[in-house]
Amino acid sequence: AIPYGTRLLTMTPPLVKTDGLVEVLTTRVGPRGATDKWSYPDYMDLRAADTGMTLTGWATGKTTVQTPAGKTDSPTLFVSANYFKTFGVALARGAGFDETIDDPIKVQSVVILAHSFWKSRLGSDPDIIGKTVILDEVPHTVVGIGAELFEGHLAFQEADLFVPLERYPLLVEEKNFRSDRGNDWVHIHGRLPAGISVARASAAVATVTSQLAKQYAKTNENKAGIAKTYQGIGNLI
């Protein structure tokens, strides 16, 4: 049982390229425990900083989808534009997201369908790219089909849909949510370029969060960031 449990904990989902892949976390400081979630402003500051790596943000949720068979609540990953590139997973069909989906001013209604969802719910429609599906009563244009077997970058993840992070419900619905440093909900992963070590990237993240702790003491005083090598089930379990 122990060897089997160990294999489960180190399991990597199909197709994810793990070399150079890291997760960005916070460590325990004072009364604040370690966490794998960040506020949206912290995520934006980390992404804009020179950490020596490319960062991607994501969050989980559910979306009500109108299909020919009726409505269904589908597990959804809300992701930034470079999500698939960061995890090294190519799409089966379509061009996918471009960088404009990360524009907080012009929020786009586009979606990438998981291969299994496209097959089981939409009959493997060969002309699905460019068509619309209704998510939470809003038409979304299909811009891609995920690779077969890929339903997310973590073990036991089963996402049916991939939607732009900027369409995360609370970002769309609550005016002040975008600037709230006290609400941690964004997960961050990154990919290291050749020649950059995890230790170097971790030090860079720590430098950024140290600056944020001084600048925004009320919310960030005990928030210290690090980077750790990617684990298929996450570094905090």
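Worth saying up front: this structure is predicted, and the values here are computed from it rather than measured.

Novice: Help me understand the pairing of strand S7 (residues 161-164) in this model?
Specialist: Two faces make up the sheet, and in a regular strand the side chains alternate between them. Bridge analysis of strand S3 (residues 70-79) against S7 gives 4 bridges, and the strand direction is parallel. Considered in S7, the bridge of valine 79 is made with proline 164.

Novice: Even after reading the chapter, I still don't get the pattern of salt bridges, so can you show me in this structure?
Specialist: In a structure, side chains of opposite charge can pair up when their charged atoms sit close to one another. Under the definition given, this model contains 8 salt bridges. Between arginine 181 and aspartate 42 there is a salt bridge whose closest N-O contact spans 2.6 Å. Residue arginine 181 is found in the loop between helix H5 (169-173) and strand S8 (187-191), and its partner aspartate 42 is found in helix H2 (residues 40-48); the two are separated by 139 residues along the sequence. Taken individually, arginine 181 and aspartate 42 each receive the classification buried, so the pair is uniform in this respect. A salt bridge links arginine 181 to aspartate 45; its shortest N-O distance comes to 2.7 Å. Pair noted here: arginine 181 is in the loop between H5 and S8 and aspartate 45 is in helix H2, with a separation of 136 residues, a long-range link. Taken together, the shared-partner salt bridges in this structure form one network comprising Arg32, Asp42, Asp45, Arg181, Asp184 and Lys223.

Novice: Help me out: how do you make sense of the side chain of threonine 51 in this one?
Specialist: Among the structural elements, threonine 51 can be located in the loop between H2 and strand S2 (54-67). Threonine 51 gets classed as buried once you look at its relative accessible area, which sits at 4%.

Novice: Hey, could you run me through the pairing of S2 in this one?
Specialist: Bridging between S2 and S8 involves 5 bridges; their strand directions are antiparallel. Residue pairing for S8: glycine 57 is matched across the bridge by isoleucine 188. Pairing of S2 with S3, which is carried by 10 bridges, proceeds in the antiparallel orientation. Within the sheet, the bridge partner assigned to threonine 67 lies in S3 and is glycine 70. As paired strands, S2 and strand S5 (residues 132-135) are joined by 2 bridges and run antiparallel to one another. Each residue of the ladder has a partner; that of valine 65, found in S5, is leucine 135.

Criteria and thresholds
Residues numbered from 1 in each chain as written. Predicted model: local features only at pLDDT ≥ 70, side-chain atom pairs only at ≥ 80, totals over all residues. Heavy atoms only, no water. Pairing = 2+ DSSP bridges. Helix = DSSP H or I, 4+ residues; strand = E, 2+ residues; numbered from the N terminus. Salt bridge = Lys/Arg side-chain N within 4 Å of Asp/Glu carboxyl O. Buried < 20%, exposed > 50% of the residue type's maximum accessible area, 1.4 Å probe, protein only.

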